[in-house]
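# Tertiary structure, described
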Amino acid sequence: MAAPRRAWLVFGFSTEEAAGEPGPGPGPRRLESGPEGIRRVWPAWSYVVVETGAGLEVRSAGLRRRLPPGWTEALPSETHLVLRGPAAARAWPRAAALRGALRGAAAWSRALPPPGPRRPPPLPLLPGGFATPRPPFFGALPGGVRARRLALGQEHVVALGAAGEVYAWGGGRHGQLGHGTLESELQPRLVEALAGVPMQAVAAGGWHSASVSETGDLYVWGWNESGQLALPSKALAEERAQDEDPGAGPGRSRELRVGSSPADAELTPHQEQLAAEDTAFISIQAFPALLDLPQDLEVSKVSCGSRHTAIITRGGELYTWGWGKYGQLGHKDNASSDQPRRIEYLVAEGLRAEEVVCGPWTTYICVLEP
């Protein structure tokens, strides 16, 4: 019996749309792999870096540029591309990366010690600190923080410690640090609400965060404006109500922000069944919240986009929720959701999800084909 084949699919905003061209629709779209296949992907907003058997390649709006050999990992942004090789990490302007021309002086460079027998932790982690795809390109980690994984949000950082503890720092105005306040933190601070619960994975979205415990539980915190925490979202309830009954009368609800007492808030017109007196919406969740998933599913992988979230279960199913304007949730529509929804396309095609990587407005999935 032939071994399953690996393939990469993508939902959501396309590089063609980023270039002002017509988009291909809500997807899914298969990434062209060639005979060498695709091993890993690192998406930015307008382009994606892929690792094939022949090295790293930049793809944007139908263009494919092979990067010079020797680079093994990428960290892209809309201003720069950081690459890691055996001896150094360097940053180049985005325009140079899209041309595949990494000649001359880099915008930033950091020498790395000779590689040891063990594989180093993945980017953004570097010896002594971590890389960022925008200036100043490097941040130091205090000696007491031994991180094995690190995720970058728009304004914050989440790190997974060697013993499964979680640290968060940076901007905190949307509760994305999980410390119970809306204050920023200049240095890594232990997320005390998760202390004693060993984690196996962390993720950072634009302004929200997530972690997966060793037992497969999912914790979420931060901004819930588009339902990206899979908690009741006021904006989405109003949007659904307007779509279903534009002439419905006004109702009342409660919108909650951690750190303040619940307060009644007037909503725009929407259906009464969606605006019961006791309906509570969550705008900011500043403490990690254990998420109740359908059928008590156990989670193995998590990734966060700008305002959406994706998980893979231990059974190989993919669930998504949050902002869906560009089809990044993979449900063949542009609807947002504050409820976890399974990607039925994968089930119908008999595909098992192995990896998920969210770009700002996209979702990349590695699947096993029968």
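Placed above this text is the structure.
A short tour of the structure in this document, coming up. (Residues numbered from 1 in each chain as written. Predicted model: local features only at pLDDT ≥ 70, side-chain atom pairs only at ≥ 80, totals over all residues. Heavy atoms only, no water.)

### A few points about the pattern of salt bridges
We count it as follows: Counted as salt bridges are all cases of a side-chain nitrogen of Lys or Arg within 4 Å of a carboxyl oxygen of Asp or Glu. Secondary structure follows DSSP: runs of H or I at least 4 residues long count as helices, runs of E at least 2 residues long count as strands, and numbering of each begins at the N terminus. Working definition: with a 1.4 Å probe on protein chains only, accessible area under 20% of the residue-type maximum means buried, over 50% means exposed, and in between means partly exposed.
Under the criterion given, the structure shown has 18 salt bridges. Linking R94 and E78 is a salt bridge whose minimum nitrogen-to-oxygen distance equals 3.4 Å. Residue R94 is located in helix α2 (residues 94–99), and its partner E78 is located in the loop between β7 (73–76) and β8 (80–84); the two are separated by 16 residues in the primary sequence. With a relative accessible area of 24%, R94 lands in the partly exposed category. Take E78: its relative accessible area is 32%, and that puts it in the partly exposed class. When the shortest N-O distance is used, the salt bridge between R307 and E225 registers 3.2 Å. With a gap of 82 residues between them, R307 in the loop between β24 (299–304) and β25 (308–313) and E225 in the loop between β20 (218–223) and α3 (234–244) connect regions that are remote in the sequence. On the basis of relative accessibility, which here comes to 19%, the residue R307 falls in the buried class.

### Comments concerning the sheet that holds strand β13 (residues 138–140)
Selection criterion: In short, DSSP must find at least two bridges between two strands for them to pair.
The three strands lie next to each other as β11-β12-β13, forming an open sheet whose pairing is antiparallel. Strands at the two margins of the open sheet, each flanked by one partner only, are β11 (125–126) and β13.

### Describing the sheet that holds strand β10 (residues 108–111)
Threshold: The axes are straight lines fitted to the C-alpha atoms, using for helices just the contacting stretch, and the angles between their N-to-C directions are given from 0 to 180°.
With antiparallel pairing, four strands are arranged side by side in an open sheet as β7-β8-β9-β10. Each edge of the sheet is formed by a strand with only one pairing partner; in this case those strands are β7 and β10. Within this sheet the neighbouring strands show an average axis-to-axis angle of 15°, counted without direction. With five bridges connecting them, β8 and strand β9 (residues 88–93) associate as antiparallel partners. The residue of β9 that forms the bridge with R84 is A89.

### Section: the nonpolar core
Rule in force here: Residues grouped as a nonpolar core are buried Ala, Val, Leu, Ile, Met, Phe, Trp, Tyr and Cys residues, joined through side-chain atoms within 4.5 Å. The criterion used for residue contact is that any of the two residues' heavy atoms lie within 4.5 Å.
The biggest cluster of nonpolar side chains holds 19 residues, and the ones touching the most others in it are L218, L291, L293, V302, I311 and W321. When contributions to this core are tallied by element, the ones reaching two or more residues are β18 (199–204), β19 (208–213), β20, β24 and β26 (318–322). Ranked by residues supplied to this core, first place goes to β24 with three residues. Not counting the four nearest positions on each side in its chain, L293 is found in contact with L218, V299, I311, W321 and P340. Membership of the second largest hydrophobic core comes to 15 residues, among which are A44, V58, L81 and L98.

### Comments concerning the packing of aromatic side chains
The line we're drawing: A pair of aromatic rings is counted whenever rings of Phe, Tyr or Trp (Trp by its six-membered ring) have centres within 6.5 Å, and the orientation is called stacked for planes under 30 degrees apart, edge-to-face for over 60 and tilted otherwise.
Tallied over the entire structure, the rule returns 11 aromatic pairs. Their ring planes at 75° and their centres at 5.6 Å tell us that W71 and W92 sit as a pair that is edge-to-face. Of the two residues, W71 is situated in the loop between β6 (63–66) and β7 and W92 in strand β9; the sequence distance between them amounts to 21 residues. For the residue pair W71 and W92, the accessibility class agrees, reading buried in each case. Both rings, one in W108 and one in F137, keep their centres 5.9 Å apart while their planes meet at 25°; by these two values the pair is stacked. Taken together, the residues W108 in strand β10 and F137 in the loop between β12 (129–131) and β13 connect sequence positions 29 residues apart. Comparing W108 with F137, the two get one shared label, buried. Connected via pairs of aromatic rings, a cluster forms that spans F13, W45, W323, Y326 and W361.

Any functional reading would require information beyond the geometric quantities listed.
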